[in-house]
Amino acid sequence: MSEYDYDLFVIGGGSGGVRAARISASHGAKVAIAEEYRMGGTCVIRGCVPKKMLVYGAHFAEDLHEASRFGWDIEKATFDWPRLRDIIQEDVNRLEGLYGGTLGNAGVETYKERAELTGPNAIKLASGKTITAKYILVATGGWPAQAGCEGEEHALTSNEIFHLEEKPKSIIIVGGGYIANEFAGIFHAFGSDVTVANRSEKILRPYDQEIVGKLKEMGETKGIKFRLSAPLQKIVKNTDGTVTVHFNDGGEPQTADVVMVATGRVPKSNDMGLEEAGVALDKSGAIIVGDDNKSNVDSIYAVGDVTNRVQLTPVAIREGHAFADSVFGGNPRTISYANIPSAVFSSPPIASVGMTEEEARAQFGDDINVYKSDFRPMKNVLSGRQERGLYKMITQGSDEIVVGLHLIGPESSEILQGAAIAIVGKMPKSVFDDVVAIHPSMAEEIVLFK
Ligand code: NDP
């Protein structure tokens, strides 16, 4: 008999926690998991999944508009926000059920309540029950940063945006990152007047800025407004329900139906007994862990956004899986954070892997080559849409190892995933050159760089 109630107690039922719990149980561990809100975490409940469904919904706007160029007459196309919102929530409910089912099938016990640490091996549930575990894994994720200015309570975040009563006629999105640019494309397609307001002049800072420049240019052509170098000053709620946002940029205040703040996500580590259990946090509140996901307390581990390493679902899943294999599977391993492909589901989407041109130049100086393909997708030629795609490949050295690939254009996330294999495999451009193009496609541009 173990001296503990469980071998592993996981706090947080998001992507990382669920994977860790399920795999640990499959390795024979006695596992329980606590989730205070809904099983599935940010990605499933109020992140990647419902967002991608909104992106699908948004695509119809342009397709319906251009349908006549492809011979289709659509009598009267209208958009019904509550219908899409509710259908998406139905699917989110379905997925939440699947997550719960998966855990049950794996033999993981579930507590649908808040859990806090009371010591290195002890947890207290909201119901008052106390539990002991040999290992505790904290996978509580992150939380949208608040506006941090007067009137911040009048701003929505990505937590609330999926539940709007009605589609806003106008929206100001504060921030210039993933969420701001994705929701700018979504609401613009639904017919809202959209302004993206960022504190600095750069949007999507980690991405290749030439590619980002194209997104901004295409966004402006569509009618999305960018108000840059515009730090937030205050948000005022008006009697008619609208909000007025004041910026420290010398410009006029701006009024809209909705203001949404998307200025990053902070680790969700507060008030859960971490300090009391002796766990070291950094100044952002992130749990400090090593490559083995272990904190400074031997029995306490953490994975996913609460560690503020790379805030991406597939990374949290890998960390959770590696934790389970290492601690319970007899296979100690770490994951690689190099060359993580990523995408911004903006309109059009951006997808990227490896070094940007700026990063490659900083590291290798002139020992790089940059290849570009600026093209108009065939579908856009027929539809009359002016939007172009831009693909960039960065190679390094005389053998031209591909160190970066950056795409903007329709379906770029679908196209990049396969190509990322070659970058992780450190292949030279000559291998790309050897690949016969699939014609006609947009993806063929990747093997036709000159
Ligand atoms: P991001 O980190 O992508 O962008 C934050 C933006 O807010 C930047 O433009 C930044 O400006 C600005 N900002 C940061 N701090 C402040 C501040 N104190 N006041 C005003 N502006 C500020 O954050 P998001 O909220 O968009 O997304 C959070 C994370 O979620 C992402 O980093 C990503 O990891 C993940 N995510 C991933 C998605 C995907 O994979 N497709 C989709 C959505 C989210 P500046 O650059 O000038 O500092």
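Position labels on residues start from 1 in each chain and follow its written sequence. For this predicted model, a pLDDT threshold of at least 70 governs which residues receive local features, and a threshold of 80 or more governs which side-chain atom pairs are given and counted, while totals over whole chains, interfaces and linings are taken from all residues. Side-chain descriptors were evaluated using all non-hydrogen atoms of the structure, hydrogens and water having been removed beforehand.

## Notes on the packing of aromatic side chains
By convention here, two paired aromatic rings are described through the distance between centres and the angle between planes. Under the convention used in this document: Aromatic pairing here means that ring centres of Phe, Tyr or Trp (its six-membered ring) are within 6.5 Å. Orientation follows from the plane angle: under 30 degrees is stacked, over 60 is edge-to-face, and everything else is tilted. To sit over a ring, a charge needs its Lys NZ or Arg CZ within 6 Å of the ring centre and within 35 degrees of the ring normal.
Following the criterion strictly, the structure yields 15 aromatic pairs and no others. Between Lys30 and the ring centre of Tyr6, over which it is positioned, the NZ or CZ distance is 5.1 Å. Cation over ring: Lys429 sits above Tyr371, and NZ or CZ is 4.5 Å from the ring centre.

## Quick word on the site of the ligand
Selection criterion: In these notes, residues near a molecule or strand are those with any non-hydrogen atom within 4 Å of it. N or O atoms within 3.5 Å of each other form a polar contact, as long as, within protein, one can give a hydrogen and the other can take it, and as long as residues adjacent in sequence are counted only when both atoms are side-chain atoms. Where accessible areas are quoted, they stem from the Shrake-Rupley method and a 1.4 Å probe; at the residue level, only the protein chains shown are allowed to cover.
Around the ligand lies a shell of 19 residues, among which Ile179, Arg199, Ser200, Gln311 and Ala343 are the nearest. Interatomic distance of 2.9 Å between a backbone N/O atom of Gly176 and an oxygen atom of the ligand. Within the contact set of the ligand, an oxygen atom lies 2.9 Å away from a side-chain nitrogen or oxygen of Arg205. Starting from 900 Å² of accessible surface for the ligand in isolation, the protein chains cover 74%.

## A short note on the environment of Gln89
This is how the line gets drawn: A helix here means a DSSP run of H or I that spans at least four residues, while a strand means a run of E at least two residues long, and both kinds are numbered starting from the N terminus. Burial classes: relative accessible area under 20% of the type maximum marks a residue as buried, over 50% as exposed, and values in between as partly exposed (1.4 Å probe, protein chains only). Note on contacts: a residue pair qualifies if any of its non-hydrogen atoms lie within 4.5 Å across the two residues.
When you line up the elements, Gln89 lands in helix H4 (residues 81-105). On the accessibility criterion, Gln89 (12% relative accessible area) is buried. Linking Gln89 and His163, residues 74 residues apart in sequence, is a C-alpha distance of 8.8 Å. When near neighbours in sequence (up to four residues on either side) are disregarded, Gln89 contacts Arg38, Phe162 and His163.

## Topic: the sheet that holds strand E11 (residues 232-237)
Across a sheet, strands are paired by hydrogen bonds formed along the backbone, either parallel or antiparallel in direction. What counts is decided by this rule: Strands were regarded as paired on the criterion that DSSP finds at least two bridges between them. In this analysis an axis means a line fitted to C-alpha atoms, helices contributing only their contacting stretch, and an angle means the value between N-to-C directions, from 0 to 180 degrees.
Strand order in the open sheet made by the 3 strands is E11-E12-E13, with antiparallel pairing throughout. Pairing within the sheet leaves two strands with one partner each, and these edge strands are E11 and strand E13 (254-256). Taking each pair of neighbouring strands and ignoring which way they run, the sheet shows an average axis angle of 25°.

## Digging into the state of the cysteines
What counts, and what does not: For the purposes of this analysis, a disulfide is any pair of cysteine sulfur atoms at a distance within 2.5 Å.
Evaluated as defined, the whole model comprises 1 disulfide. Disulfide partner of Cys43: Cys48, at an S-S distance of 2.4 Å. Handedness of the Cys43-Cys48 disulfide follows from its S-S torsion of about -140°: it is left-handed. Given a relative accessible area of 12%, Cys43 falls into the buried group. For Cys48, a relative accessible area of 31% translates into the label partly exposed.

## Some remarks on unusual backbone geometry
The omega angle of the peptide bond from Ser347 to Pro348 is -5°, so this bond is cis rather than trans. Structurally, Pro348 is set in the loop between strand E17 (342-344) and strand E18 (350-354). Following His439, the chain continues to Pro440 via a peptide bond in cis, the omega torsion being -5°. Within the element layout of this structure, Pro440 appears in the segment after helix H11 (429-434). The phi angle at Asn339 is positive, at roughly 50°, despite the residue not being glycine.

## As for the pattern of salt bridges
For the record, the criterion: Criterion for a salt bridge: a side-chain nitrogen of Lys or Arg within 4 Å of a carboxyl oxygen of Asp or Glu.
For the coordinates displayed, the defined rule picks out 29 salt bridges. Through salt bridges with shared partners, one network takes in Asp208, Glu210, Glu357, Arg361, Lys372 and Lys392.

## A look at the nonpolar core
So the rule is basically this: To form a nonpolar core, buried Ala, Val, Leu, Ile, Met, Phe, Trp, Tyr and Cys residues must be joined to one another through side-chain atoms within 4.5 Å.
Ranked by internal contacts, the top residues of the largest apolar core, which has 40 residues, are Leu54, Ile161, Phe183 and Phe187. Elements with a contribution of two residues or more to this core: helix H2 (41-46), helix H3 (48-66), H4, strand E8 (170-174), helix H5 (178-189), strand E9 (193-197), helix H6 (209-222) and strand E14 (258-261). Apart from residues no more than four positions distant in its own chain, Leu54 is found in contact with Trp81, Leu84, Ile88, Phe162, Phe183, Ile186 and Phe190. Ranked by size, the runner-up nonpolar core spans 24 residues in total, among them Ile123, Leu274, Val289 and Ile300.

## Looking at the side chain of Asp208
On the secondary structure map, Asp208 appears in the loop between E9 and H6. With relative accessibility at 2%, the residue Asp208 sits in the buried group. Side-chain polar atoms of Asp208 contact the side chain of Lys392, separated by 3.0 Å. Contacts of Asp208, omitting those with residues within four sequence positions, involve Thr356, Glu357, Glu358, Lys392 and His406.

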